[in-house]
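Observations on the model geometry
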Amino acid sequence: MTVAPDAPILFFDSGVGGLSILAPARAALPTARIVYAADSAGFPYGTKSEAEIAARVPALLGRLVERYRPRLAVIACNTASTIALQHVRAALDIPVVGTVPAIKPAALLSKSRVFGVLGTDATVRQPYVDRLAAEHGADCIVLRHGSAALVQLAEAKLRGEPLDPQVARDALHGLIDQPGGDRMDMVVLACTHFPLVEQELAAAAPHPMGFVHGGEGIARRIQYLTQGQPWPDAPAPGIAVFTRVDEKQEALRPALASYGLDRIDAL
Ligand code: DGL
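Residues numbered from 1 in each chain as written. Predicted model: local features only at pLDDT ≥ 70, side-chain atom pairs only at ≥ 80, totals over all residues. Heavy atoms only, no water.

Cut-off, in case you're wondering: UniProt positions are given in the numbering used here, feature names are shortened, and annotations may be inferred rather than shown by experiment.
The chain carries the name Glutamate racemase in an unreviewed UniProt entry, which gives Sphingobium limneticum as its organism. Under the UniProt heading Catalytic activity (unreviewed entry), the entry covering the chain gives this text: "L-glutamate = D-glutamate". What UniProt states about the chain under its Pathway (unreviewed entry) heading is, verbatim, "Cell wall biogenesis; peptidoglycan biosynthesis."

Below you can see the structure in the form of structure tokens.
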């Protein structure tokens, strides 16, 4: 299949979380045209049922692919990926990259053999997470905690609103207060919103701990899947597309512009 230089890469999340995946991809492929899609009408995903997410995500991706004709789609959302990746792949005829919790690097890096998986409620209960923990962290205590408030904190941060430091403290204590949690030395940021508030999490940590997420690995995967394809000669302006546009999305304009997304579309 021949790919036009201006064929975009499509990133998809429920909200702004996928920007933590877009950033390393944009650094690796600086002239790629980007379409960043957020399902603001369906946000948040982390408190939804598996059935709702599995029904919603492939249908939206189908509409986005029809409109923007991307060369590749990235589900920049752990919740959607751990639940609906197979359904999306079955529905689309372009490569689809998913975002799954970075349990493997956390298991490699943990010295205390206790690490945490901080995600949404929907992600941390997935059998996919059980499988990754069994495969890579069989000799570790793998703690899990879901935080919907931390997702909201990341959205508020990108809208430029004042932040309550208690939210990051509570999210970390959801892990630390479990048996063995006082020895936890690594935290998997298993929701793409959470790297956006990594500073707040690090500041709230009662003892030093490392944070890992999948952004760099996904950038390498995109490079691999698009090698040999033509790209624009100069950076092209990116588009942010939302399923609902109201004052919350308008407030995101400066943050979106800092990721090269200069235009807002409604789906
Ligand atoms: N950013 C998403 C994730 O990676 C979901 C956040 C939400 O909508 O609850 O899981």
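**Things to note about the packing of helix α7 (residues 148-158) against helix α8 (residues 165-176)**
Stated precisely, the cut-off is as follows: Axes, fitted as lines to C-alpha atoms, cover a helix only where it is in contact. Angles between the N-to-C directions of the axes lie from 0 to 180 degrees. Secondary structure elements are taken from DSSP: a helix is a run of H or I of four residues or more, a strand is a run of E of two residues or more, and numbering for both begins at the N terminus. Handedness of a helix crossing follows the sense of rotation of the near helix relative to the far helix, less than a right angle counterclockwise being left-handed and clockwise being right-handed. Should any heavy atoms of two residues lie within 4.5 Å, those residues are counted as being in contact. Amino acids outside the nonpolar list (Ala, Val, Leu, Ile, Met, Phe, Trp, Tyr, Cys, Pro) and the charged list (Asp, Glu, Lys, Arg) are all regarded as polar, and Gly is one of them.
The contact between α7 and α8 brings their axes to 9 Å, and the two run at 145 degrees. Crossing angle aside, the handedness with which α7 passes α8 is left-handed. In this structure, α7 contributes A149, L150 and L153 to the contact, and α8 contributes V167, A168 and A171. For the contact of α7 with α8, the residue count by class is six nonpolar, no polar and no charged.

**Some remarks on the UniProt feature "binding site: substrate" (unreviewed entry) in the chain**
Applicable threshold: Accessibility here uses a 1.4 Å probe with only protein chains present; expressed as a share of the type maximum, an area under 20% marks a residue as buried, one over 50% as exposed, and anything in between as partly exposed.
Per the UniProt entry, the sites bearing "binding site: substrate" (unreviewed entry) are D13, S14, Y45, G46, N78, T79, T192 and H193 in this numbering. In terms of the greatest pairwise C-alpha distance, the residues named above, spread along 181 residues, form a tight cluster of at most 11.8 Å across. Within the element layout of this structure, S14 appears in the loop between β1 (9-13) and α1 (19-28). Here S14 falls in the buried class, since its relative accessible area comes to 5%. For S14, the contacting residues outside a window of four places in its chain are A38, D39, S40, F43, Y45 and H193.

**Remarks on the sheet that holds strand β4 (residues 96-97)**
Quick reminder of the rule: Strand pairing is defined by DSSP finding a minimum of two bridges between the two strands.
Reading across the sheet, the six strands line up as β4-β3-β1-β2-β9-β10 and stay open at both edges, with parallel pairing between neighbours. Strand pairing shows two members of the sheet lacking a second neighbour, β4 and β10 (261-266), which therefore form its edges. As judged from the five bridges shared by β1 and strand β2 (residues 34-38), these two strands associate in the parallel manner. Counterpart to F11 in the pairing with β2 is Y36. Each of β1, β3 (72-75) and β4 is contacted by helix α10 (residues 215-225), which is oriented at about 165 degrees to β3, the strand it contacts most.

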